[in-house]
Amino acid sequence: MSSTEAELRPTAGGFERPAQRPPSRRQLVADFGGRYVGAGATGVLFSATGPVAVIMGAASAGSLTASQTASWIFGVFVLNGLLTIVASWAYRMPLSFFWTIPGTVLVGQALGSLTWPEVVGAYIATGILITVLGATGLVARLMALIPHRVVMAMVAGAFLSFGTGLVRAVTSDVLVAGLMVVAWLLVTRSSALAARVPAVLIALVVGLGALAATGGFEPLGAAASSLPLLAAPEFVAPVWSWPACAQLVVPLSITVIAVQNGQGAAVLTAAGHQPPMKVVTVVCGIWSVLAAPLGAISTCLAGPTNALLTAVGERHRQYTAGITCGVLAIGVGLSGPMLVRLLTVVPTSFVAALAGLAMLEALRGAFVGAFMDSPEDTSKRPPLGPLITLLVTISSIQVAGLGAPFWGLVAGVVVTRLLDDHF
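These numbers come from a predicted model, not from an experiment.

Caption draft 1: The arrangement of helix 4 (residues 66-91) in detail. If you check helix 4, its first and last C-alpha atoms are 37 Å apart, about what 26 residues at 1.5 Å a residue would give, namely 38 Å. Among the 26 residues of helix 4, 21 are classified as buried, and the element is accordingly described as predominantly covered. Phi turns positive one or two residues past the end of helix 4, at R92, with a value near 55°.

This is the structure:
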């Protein structure tokens, strides 16, 4: 199919379907190549390093057991890997699905006042809401009510602790965390090297080497040592709680629809693809409901991973990178207990440095989205709403059982309507 040929055909219900049939086995074999396999592997390596460290941080904040954490990792990799394989094959484009990283940060903060079953119940409610919004076409109307600047300011506030955690890690463990930062800087500075391997992966390898050289590994705890070699999913019975749903459902839905799916769509569109966003939204909602009993947070279209999948090769063959990514993701999910063991024996400074480096680009993007002037902005003064959202989000307040990110969104919308839109 040529680059100018339409990849999607609309149906009566507005759901996009592929313009061609899925590729046959012979076509799959012909389209695969080393570059695409490498891109798929790179995408999984990115997801299995810094973003998994974010999960470990959230699990630690909620005092989850090692088996609950391994089940969470199983769900976000295995189930989303299956979805990635099917979607990439059916639509002949790389459609990589993983989990909402901003949402994971919000859950880590909420677990201080919520139980794990209550969070799982909120996951299911979030999936149902996303499905309804996608199927009815109400997504655009909802997002029009919440300024994009305010959403990104909420994300920036949620991510800010990773940046400060990185600084503290370097000051408390200069040798290990400092070497990780140096490695990350060197790879990021080299455009040729950064295009081939994630900088956070090199930082991970360097950090592990420094720990081995200095004897910095910690003893394996009894809970982690009892984990099986391969994942054994642990099902969680959801508990329906109004405070949990009120605190998490709307912010989680926004991070999936506006932040993650929006970023993923922008990446794929820039690469010449036409992502089926109505189908993507509905599938993210359904998959979120299916994954929730495993403790897995909401599914989303992964922006950074899809950027890696579309970075090489011919456009019409890039779907094979997506299939590769999905297959390898299943392997990572099955070996979730080993990941948990690895991240259990490393010091907290290592995890903080790894997560901080992985989140730097997302943190910068959030601040740019919240505070950078756009060409369409003709206001006489910079908007105040994003700043208020940021301040409330980082305040860690709890009002009426609802956390700071929720109130940050509320305060930002109110200030925008009362002040920013007035000038």
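Caption draft 2: Structural view of the side chain of S335. By the element assignment, S335 lies in the loop between helix 16 (319-334) and helix 17 (336-345). Take S335: its relative accessible area is 17%, and that puts it in the buried class. Reaching out from S335, the side chain makes a polar contact with the backbone oxygen of G331 at a distance of 3.1 Å.

Caption draft 3: Fine view of the packing of helix 16 against helix 17. The N-to-C vectors of helix 16 and helix 17 enclose an angle of 65°; their axes lie 4 Å apart at closest approach. For the pair formed by helix 16 and helix 17, the contact residues are V332, G333 and L334 on the first element and G336, P337 and L339 on the second. Looking at the contact of helix 16 with helix 17 residue by residue, the classes come out as four nonpolar, two polar and no charged.

Caption draft 4: View of unusual backbone geometry. The backbone of S63 shows a phi angle near 55°, a positive value even though the residue is not glycine. Looking at where S63 falls in the secondary structure, it is placed in the loop between helix 3 (50-61) and helix 4. You will see that R92, though not glycine, has its phi angle at about 55°, which is positive. In this structure, R92 sits in the loop between helix 4 and strand 3 (97-99). Given a relative accessible area of 21%, R92 falls into the partly exposed group.

Caption draft 5: Inspection of the packing of helix 3 against helix 18 (residues 348-371) at higher detail. At a minimum axis distance of 8 Å, the contact between helix 3 and helix 18 shows a crossing angle of 125°. When the interaxial angle is binned, helix 3 and helix 18 end up oblique. Crossing geometry of helix 3 relative to helix 18 is assigned as left-handed. Facing helix 3, whose interface residues are G50, P51, A53 and V54, helix 18 presents V351, L354, A355, A358 and M359. For the contact of helix 3 with helix 18, the class distribution of residues is eight nonpolar, one polar and no charged.

About the thresholds
Residues numbered from 1 in each chain as written. Predicted model: local features only at pLDDT ≥ 70, side-chain atom pairs only at ≥ 80, totals over all residues. Heavy atoms only, no water. Helix = DSSP H or I, 4+ residues; strand = E, 2+ residues; numbered from the N terminus. Expected span 1.5 Å × (residues − 1). Buried < 20%, exposed > 50% of the residue type's maximum accessible area, 1.4 Å probe, protein only. Polar contact = N/O pair within 3.5 Å; in protein donor to acceptor, adjacent residues only side chain to side chain. Axes fitted to C-alpha atoms, helices over the stretch in contact; angles between N-to-C directions. Contact = heavy atoms within 4.5 Å. Nonpolar A, V, L, I, M, F, W, Y, C, P; charged D, E, K, R; others polar. Parallel < 35°, antiparallel > 145°, perpendicular 65-115°, else oblique. Left-handed = near helix turned anticlockwise from the far one by under 90°.

By themselves, these observations are geometric and do not establish any function.
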